Amino acid sequence: MVIYFGRYTSHTIVSGSGDSSDLVELAPGSTPTTYTVDGVEKAGVVRTETILPKFGAPLTFNVLDTEFGPVWNDLLEGVPPQRRFAARFTEYSRLGTHSILSGLALLRAHSLTEYREALALWTTPSVYALYAGVDKGAPSDDQGHIAFHVVTAIPKRAVQVVDELDVTGRYPLDGASASNDWAGILGFEWNPSVVDPPEGYLFNGNSLPAGSWFTNAFYSGVGVVGDTTRSYALRERLGELLGSPAAKVSPEQVHALHFDGSSPHVAGFRALLKSMVGLSDADGPFVVLLPSLDMKPASAREKAGHLLAALDQWFDAGASLRRDDPVSPLIEPLLKNLKQESRFVVDPTFGCKWNGGEGGPARLFKELASHPTALTSIEMEFALRVAEKTWDAVAGSLPTNPSAWPVPAPFLHPLRYRLPFFPAPAALDAPDYDHPGGARGSLHLVNGFSATINASQENSFPLTANFAALDESRTLAAVGMSDDPASPHFIDGVSVLEDKSRKVDTLPTSPLSWSALTLVSTENIVYNP
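These numbers were taken from a predicted model, which means no experiment stands behind them.

### Notes on the side chain of D22
Then comes step 1: Take D22: it is sitting in strand β3 (residues 21-28).
Then comes step 2: Judged by its relative accessible area of 9%, D22 is buried.
Then comes step 3: At 2.9 Å, the side chain of D22 forms a polar contact with the side chain of W182.
Then comes step 4: With residues near it in sequence (within four places) discarded, D22 still touches A86, A87, R88, R157, G169, L173 and W182.

Written as structure tokens, this is what we have:
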């Protein structure tokens, strides 16, 4: 993944989704290694591949290649032995380029034009890319741009109809005829993109963009259509900062977004519960606030009442997802249940109406904010189910009355190790870090819930590029500024990542000027392949 800034451009990507592969059902040939296309029998090519794991014996297996791609039956479930499927990947159609070439070209790009030329070389994985630059060498009236691109290779498919239904891209191709195969790859100009939108800003939080053209809710079980918890928060914060035509923001305000601890998802769910208070039985499910919060709630309605009281307390304290807030143990299961309980497999009614995952609740909350009368029994049943599961998640560990909840204890072991390696890095020889028997591996935070927009634990990469004063730009490669386990800078970012409520000036600056850099040590490494 390429995340960088230079003197003229800044670029970041998040994982996205793109339809860049198909299954092809092969027409059988006379032997297990042959297949038929347009009545002509063709021979597949059997090749042997060997994987050399770092630990353990080599893994050797055979692959049957076809003109469509490798046979994938071993990776599919429930396929009858007489049917064979090949995997059609865009990589097989673009053998003259590679995403690594794209990444190298991105690092050299000094303008939006050069940047787009570099993106056009990208094949997989599918990502969402954000760009900002001052555009060296461009005409004076074409300098300074922001852009968003969906980056993937898109196959040019033939229309496929099954039982009078257009299933193009959603059904295995019939390999018996070459006319059913792809006709190459679409040009990069077909990839969805936005350059210099009228709002003056762009953002993405692993969310599949959806606008006014998107009228039907749909949940695929894979990605998110619409806002995730992070993109929803960014939408709200950027709307507040840049909501008026003449509004401008400072680098400090942009940088502070990395440490924003608010949650529109929690605010929307609280508003949903409040709208249900006082409804009668005839109107459907409703929330009953208990006469005394010291009484143990039994029903889903009572648990929702207790949850609402806890959220009111949380908002009175500033509604920030800091770990020093007594209500913070409740927020993690709430956000988890909002996502899980909206999925189609859990509640088809809610999923069909609003969508599943993180996008469904976000769409509901935005709709209710503008049209409160849209509340029906579907939304109320969903709210009660989420409230009950959320309350049950903490009921055994905290007092019944939220006002008596203690501030959570600090985490004593903020790091965990994966894939042990030796020797033990000197940087980790500290009692504060949990390392069994000296074994070391890649690090990630295990303090459970990292809750700001810059949220994910070990894969958070905050970056604020200041083109007016490049040496004042700030970034942090979690969990440190070095990927060498023996370096003293391997974990120097942990103190920042542990506490997302720290002041923004604790994030280290990342100067580009040689005079502003500090030389720690030098080492000559001779590579002998």
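### Things to note about unusual backbone geometry
Then comes step 1: Cis geometry marks the peptide bond from T124 to P125, where omega comes out at 0°.
Then comes step 2: Inspection of the secondary structure puts P125 in the loop between α2 (112-119) and β9 (127-133).
Then comes step 3: The backbone phi angle of D163 is positive, close to 50°, even though this residue is not glycine.
Then comes step 4: You will see that N206, though not glycine, has its phi angle at about 60°, which is positive.

### What about the side chain of R94?
Then comes step 1: Here R94 is to be found in the loop between β8 (84-89) and α1 (99-108).
Then comes step 2: Engagement of the side chain of R94 in a polar contact is seen with the backbone oxygen of W122, the distance being 2.9 Å.
Then comes step 3: Contact partners of R94, with chain neighbours within four places excluded, come to A120, L121, W122, T123, A153 and I185.

### Things to note about the pattern of salt bridges
Close approach of charged atoms lets side chains of opposite charge pair.
Then comes step 1: Counted by the stated rule, this structure contains 16 salt bridges.
Then comes step 2: Note that K353 is salt-bridged to E379, the shortest N-O span being 2.9 Å. Taken as a pair, K353 in helix α8 (residues 348-354) and E379 in helix α10 (residues 377-394) lie far apart in primary sequence, 26 residues in all.
Then comes step 3: The buried category is assigned to E379, whose relative accessible area is 0%.

Reading the values: the criteria
Per chain, residues are indexed from 1 in the order of the written sequence. Two thresholds apply to this predicted model, a pLDDT of at least 70 for residue-level local features and 80 or more for giving and counting side-chain atom pairs, whereas whole-chain, interface and lining totals are computed over all residues. Hydrogens and waters are ignored; side-chain quantities use all the structure's heavy atoms. Under the DSSP-based scheme used, a helix requires at least four consecutive residues in state H or I and a strand at least two consecutive residues in state E, with every element numbered from the N terminus. Only protein chains enter the calculation, and the probe is 1.4 Å; a residue is then buried if its accessible area is under 20% of its type maximum, exposed if over 50%, and partly exposed in between. Two N or O atoms count as a polar contact when they lie within 3.5 Å, although within protein this holds only if one can serve as hydrogen donor and the other as acceptor, and sequence-adjacent residues are included solely when both atoms are side-chain atoms. What makes two residues a contact is simply this: any of their non-hydrogen atoms within 4.5 Å. The rule for a salt bridge is simple: a side-chain nitrogen of Lys or Arg has to be within 4 Å of a carboxyl oxygen of Asp or Glu.

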